[in-house]
Amino acid sequence: MIPPGPRRFGLLAYGDPNIDLVFAVDRVPAADDKVLGRHLGRHAGGTAANVACAAARLGLPAAAYGRVGRDDGDGDFLVTEFQCFGVAVQWVRPVAGPCATALILVQGDGEKALVYAPLPGWPLDKATLAQALEQSRVVYAMPYDLAEFEAVSRLARAAGALVAIDVEAAVAPNPERLAALLPLADIVFFNEGGFRAATGLRPTTDHTRPLLKQGPRLVVVSMGARGAIAVQGDDSVIQPAFPARAVDATGAGDCFNAAVLARLLNGDHLANALRFAAAAASLAITAIGARAGFPDHEAVAAMLSTADQAVNNTGQVHHFGPSKT
């Protein structure tokens, strides 16, 4: 579904990177509650930024478009982290104030709760974004602000770039908001909670396929230990999760989405792309921090080779859990 092209970047990640402050807790506290925790460190994060880093680690040329605060050293840290993954940063600009920040509470089972404090305003500057889009095949965004995303989508389509979005419950908490987003996107990624909030339905291929009629060419839903599903045209794919020891699920969904795009942009069929992405996500959850476990192509290929060998030796496919993507 993604035609080959000579553009410099396969993926442009639109959105501000942020600092992740990560704490381990036995459980996430309720209202008027307190729990003891353990500080696990300060990490680079941000949904679109994580996707760019995961894609670059997997071999897809990627660039970032967004802002960092310049009031402390966090902005320099975030830019350096992009560069460590090979993500181009010429469209990341410093602005007054602190960087966007997320507080992440990781439970013993690897699941997380998150509080996000964004930078005020839009990263959008039409002239520089148009320049970036003209050099990119796909722009990836988490569209919290509908008016901002409408502008990004218009510029992307004028530049001939496809638009991919990540829909969580905070992005589309109801079907009305989802209906406004879908015509503006070509590729739509959901996690399970986002799909349920946006549609009021549980994620199945039958419940997902009608979304294609509203604009996107491809819809993908990741469902943690239950794997993932995708619909495109008349095709549908159901991909089980791979086995993994969950340490921190932060960033695993970003890794999954990046891997899907990396393989589709490389010319893979959808089923192969989802299988590759499920393996990549299972590796991503094995380290603390959104990006610490992001695998390269060789690591994912080795995992898939091991899985294929197990099938050849037993004559049947075994799927294990729990695995969290």
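Values in this document were obtained by computation on a predicted structure and should not be read as measured data.

A.B. asks: Describe the pairing of strand 5 (residues 88-95), naming the residues involved and giving the relevant values.
C.D. replies: Of the strand pairs in this sheet, strand 4 (residues 62-69) and strand 5 are connected by six bridges, and their pairing is parallel. Opposite R67, over in strand 5, you have R93 as the bridge partner. Read as a crossover between parallel neighbours, the route from strand 4 over helix 2 (residues 74-84) to strand 5 is right-handed.

A.B. asks: How would you summarise the packing of helix 1 (residues 47-57) against helix 8 (residues 252-265) if you had to cite specific residues and measurements?
C.D. replies: In a pair of packed helices, the angle between the axes and the distance between the axes together describe the arrangement. Contact geometry of helix 1 with helix 8 gives a least axis separation of 8 Å together with a crossing angle of 55°. Comparing their axes, helix 8 and helix 1 come out oblique. Handedness of the crossing formed by helix 1 with helix 8: right-handed. Contacts between helix 1 and helix 8 involve T47, N50, V51, A54 and A55 on the former and, on the latter, D254, C255 and A258. Across the contact of helix 1 with helix 8, the residue classes break down as five nonpolar, two polar and one charged.

A.B. asks: Explain the packing of aromatic side chains residue by residue, including any values.
C.D. replies: The final tally for this structure, using the stated rule, is six aromatic pairs. For the pair Y140 and F189, a centre-to-centre distance of 6.1 Å together with 40° between the ring planes defines the contact as tilted. Here the residue Y140 occupies a position in strand 8 (residues 136-141), and F189 occupies one in strand 10 (residues 187-191), the gap between them amounting to 49 residues. If you follow R263 out to its NZ or CZ, it ends over the ring of F276, 5.2 Å from the centre.

A.B. asks: Pulling in residues and values, what's your account of the UniProt feature "domain: Carbohydrate kinase PfkB" (unreviewed entry) in the protein?
C.D. replies: Per the UniProt entry, the sites bearing "domain: Carbohydrate kinase PfkB" (unreviewed entry) are residues 11-295 in this numbering. Between the C-alpha atoms that bound residues 11-295 there is a distance of 18 Å. The span itself is 33% helix and 29% strand.

A.B. asks: Before we move on, could you go through the nonpolar core and cite the residues and values that matter?
C.D. replies: Counting residues in hydrophobic clusters, the biggest one holds 61 residues, and the most contacted among them are L11, F82, V87, Y140, F189, F256 and L274. When sequence neighbours within four positions are dropped, the list of residues in contact with F256 reads V220, S222, A228, L274, A277, A278 and A281.

A.B. asks: I'd love a proper account of the sheet that holds strand 3 (residues 37-45), names of residues and values included.
C.D. replies: Spatially, 3-2-6-7 is the arrangement adopted by the four strands of the open sheet, whose pairing is mixed. Of all the strands in the sheet, just strand 3 and strand 7 (112-117) have a single pairing partner and so form its edges. On average, adjacent strands in this sheet sit at an angle of 20° to one another, irrespective of strand direction. Pairing of strand 6 (residues 100-106) with strand 7 involves six bridges; the strand directions are antiparallel. Looking at strand 7, one finds that I104 is bridged to L114. Most of the contacts of helix 2 go to strand 3, to which it runs at about 65°, and overall it touches strand 2 (18-25) and strand 3.

A.B. asks: An account of the pattern of salt bridges is needed here, citing residue identities and associated values.
C.D. replies: Where charged atoms of side chains with opposite charge meet at close range, the side chains can pair. Evaluated as defined, the whole model comprises nine salt bridges. When the shortest N-O distance is used, the salt bridge between D33 and R27 registers 2.6 Å. The exposure class of D33 is partly exposed, given its relative accessible area of 32%. On the accessibility criterion, R27 (40% relative accessible area) is partly exposed. Across the pair R157 and D186 runs a salt bridge whose closest N-O atoms are separated by 3.4 Å. Taken together, the residues R157 in helix 4 (residues 146-159) and D186 in the loop between helix 5 (175-181) and strand 10 connect sequence positions 29 residues apart.

A.B. asks: How would you explain the confidence of the model for the protein if you had to name every residue and give the values?
C.D. replies: Residues of the protein with pLDDT of at least 70 account for 94%, and the chain-wide mean is 91. The low-confidence segment residues 316-325 (pLDDT under 50) makes 31 contacts with residues lying over four places distant or belonging to another chain.

A.B. asks: Which residues make up helix 2, and what are the values?
C.D. replies: Looking at helix 2, one finds that the buried residues are D74, G75, L78 and F82. For helix 2, the angular spread of the buried residues around the axis is 110°, confining them to a single face. Structural note: helix 2 exposes D76 and C84 on the side pointing more than 90 degrees away from its buried face. Residues of helix 2 that are buried make contact with strand 2, strand 3, helix 1, strand 4 and strand 5.

A.B. asks: Before we move on, can you summarise the sheet that holds strand 12 (residues 228-232) with the specific residues and values?
C.D. replies: On the basis of which strands lie adjacent, the open sheet formed by nine strands has the order 5-4-1-8-9-10-11-12-13 and mixed pairing. Strands with a single pairing partner mark the edges of an open sheet, and in this sheet they are strand 5 and strand 13 (235-239). Here the average twist between neighbouring strands, direction ignored, is 15°. Across the sheet, helix 6 (residues 192-199) lies against strand 9 (162-167), strand 10 and strand 11 (218-222), angled at about 105° from strand 10, the strand it touches most.

A.B. asks: I'd love a proper account of the side chain of N257, names of residues and values included.
C.D. replies: Within the fold, N257 resides in helix 8. Ignoring any residue separated from it by four or fewer positions in sequence, one finds N257 in contact with Y140, D166 and F189.

Calculation criteria
- Residues numbered from 1 in each chain as written.
- Predicted model: local features only at pLDDT ≥ 70, side-chain atom pairs only at ≥ 80, totals over all residues.
- Heavy atoms only, no water.
- Pairing = 2+ DSSP bridges.
- Helix = DSSP H or I, 4+ residues; strand = E, 2+ residues; numbered from the N terminus.
- Right-handed = clockwise from strand over helix to strand, strands pointing away.
- Axes fitted to C-alpha atoms, helices over the stretch in contact; angles between N-to-C directions.
- Parallel < 35°, antiparallel > 145°, perpendicular 65-115°, else oblique.
- Left-handed = near helix turned anticlockwise from the far one by under 90°.
- Contact = heavy atoms within 4.5 Å.
- Nonpolar A, V, L, I, M, F, W, Y, C, P; charged D, E, K, R; others polar.
- Phe/Tyr/Trp six-rings, centres within 6.5 Å; stacked < 30°, edge-to-face > 60°.
- Lys NZ or Arg CZ within 6 Å of the ring centre and 35° of its normal.
- UniProt positions renumbered as here; feature names shortened; annotations may be inferred.
- Core = buried A, V, L, I, M, F, W, Y, C linked by side-chain atoms within 4.5 Å.
- Buried < 20%, exposed > 50% of the residue type's maximum accessible area, 1.4 Å probe, protein only.
- Salt bridge = Lys/Arg side-chain N within 4 Å of Asp/Glu carboxyl O.
- pLDDT = per-residue confidence, 0-100.
- Arc of directions from axis to C-beta.

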